[in-house]
Amino acid sequence: MKKVAVLLYPDFSNYEMSVALSILGQAQKPFDVFGLTLEPIRSEEGIYIAPQKTVEELVVDDYDGLLLTGEMDCKPLMTDERYATFVKSFDKPEMIIGSISSSTGLLAKLEMLKDKKYISRIPEEFLDKFGFQKENYTTEGNYVQDGNIITAMGFGFVEFGIAFGKALGLDFHPGWYKRNWEE
C-alpha cells in the first residue's frame, strides 16, 4: 500500500492537518512525516514532532499523496530550496496534494497551481508576489479541489481533511468530524 508524505517545517500549524491525519488513521492509511532533519520541529501551538525521515530520503514512488499544512512564518518554507525540491517531486497528476492555508504559497511559487482553481490564506494583495494567477483565485467556500490538488483556508480544516481522504479513496466515516453523525 502506498503512503502519504507529511512535510513539516518550523511553526507548522498542527490543527490544520489534524482531521486529515485522523482520517488517515481511521482508514489505516500509512504516512511518513518528513523534515529537513530528524530533529523535532516545533508547531505554532508549541507541540514538537520528530520527523521519521529527512527530505533527502524521499522515494516518491512509495507515496500517492502529500499533505502540507500552513505555518506562522512562511519564510523558511518559501526560501529553503530543499522544501521546493521535495514538494516538486509530487507534481504528477496521479499524486493527491493537500495544501491548506499559507502552504499554498509554495505551490504557487513552484507553478503547481498554474491553470488550477484555488483558495488560499495568502492575502489577495500578495498574490502577485507568490506567482498566483488571480483569475483562478476564489474566496467561495472553505476548500477547493481542482484535479489532484486540494487547497483550503485554515478555518476549513475539517472540510479539507474530508476532501483529502475522499480524494485518496479512503474508507472512513466523515460523520466523526461533523455535527451530524449520519453525514
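Just above sits the structure.
Residues numbered from 1 in each chain as written. Predicted model: local features only at pLDDT ≥ 70, side-chain atom pairs only at ≥ 80, totals over all residues. Heavy atoms only, no water.

A. Layout of the overall build of the chain. A tally of helices and strands in the chain yields six helices and nine strands. For 183 residues, the compact-globule estimate of 2.2 N^0.38 gives 16 Å, and the chain sits close to it at 15 Å. Its C-alpha atoms give the chain principal-axis dimensions of roughly 40 × 40 × 35 Å. For the chain, the proportion of its 183 residues judged to be buried stands at 52%. Counting contacts in the chain only where the partners sit at least 6 residues apart, residues at least 24 apart contribute 64% of the total. As displayed, the chain offers around 8800 Å² of accessible surface, 50% of which is attributable to carbon and sulfur atoms. Taking the average place of the 19 positive charges on the side chains of the chain and the average place of its 29 negative ones, the gap between the two points comes to 1 Å. (Helix = DSSP H or I, 4+ residues; strand = E, 2+ residues; numbered from the N terminus. Rg over C-alpha atoms; globule rule 2.2 N^0.38 Å. Buried < 20%, exposed > 50% of the residue type's maximum accessible area, 1.4 Å probe, protein only. Contact = heavy atoms within 4.5 Å. Areas by Shrake-Rupley, 256 points an atom, 1.4 Å probe, with all protein chains shown as cover. Lys, Arg positive; Asp, Glu negative; His and termini not counted. Charge placed at Lys NZ, Arg CZ, Asp CG, Glu CD.)

B. Up close: the pairing of strand S2 (residues 31-35). S2 sits mainly inside the fold: four of its five residues count as buried. With four bridges connecting them, strand S1 (residues 3-7) and S2 associate as parallel partners. The residue of S2 that forms the bridge with Ala 5 is Asp 32. With helix H1 (residues 14-26) bridging S1 and the parallel S2, this β-α-β connection has right-handed handedness. Bridge count between S2 and strand S5 (residues 53-54): two bridges; the pairing is parallel. From the neighbouring strand, Phe 34 faces S5, where its bridge partner is Lys 53. (Pairing = 2+ DSSP bridges. Right-handed = clockwise from strand over helix to strand, strands pointing away.)

C. Molecular detail of the sheet that holds strand S9 (residues 149-152). The strand order S5-S2-S1-S6-S7-S9-S8 describes an open sheet built from seven strands, whose pairing is mixed. Two strands close off the open sheet at either side, each with one partner strand: S5 and strand S8 (143-146). With respect to the sheet, helix H3 (residues 81-88) is in contact with S1, S2 and strand S6 (63-68), its orientation differing from that of S1 by roughly 160°. Packed onto the sheet, helix H6 (residues 157-167) meets S1, S6, strand S7 (96-100), S8 and S9 and runs at close to 175° relative to S7. (Axes fitted to C-alpha atoms, helices over the stretch in contact; angles between N-to-C directions.)

D. Structural view of the pattern of salt bridges. Here the structure, examined in full by the defined rule, presents six salt bridges. A salt bridge links Asp 80 to Arg 82; the nearest nitrogen and oxygen atoms lie 2.8 Å apart. Residue Asp 80 is classed as partly exposed on the basis of its relative accessible area, which comes to 21%. We note a salt bridge from Lys 88 to Asp 91, for which the minimum N-O separation is 3.0 Å. By sharing partners, the salt bridges in this structure join Lys 3, Asp 32 and Lys 53 into a single network. (Salt bridge = Lys/Arg side-chain N within 4 Å of Asp/Glu carboxyl O.)

E. Just the packing of H1 against H6, in detail. Close contact between H1 and H6 brings their axes to 8 Å; oriented N to C, the two are set at 35°. Read as a crossing pair, H1 and H6 show a hand that is right-handed. For the pair H1 and H6, the contacting residues are Tyr 15, Glu 16, Ser 18, Val 19, Ala 20 and Ile 23 in the first and Phe 157, Val 158, Phe 160, Gly 161, Ile 162, Phe 164 and Gly 165 in the second. Here the contact of H1 with H6 is composed, by residue class, of nine nonpolar, three polar and one charged. (Left-handed = near helix turned anticlockwise from the far one by under 90°. Nonpolar A, V, L, I, M, F, W, Y, C, P; charged D, E, K, R; others polar.)

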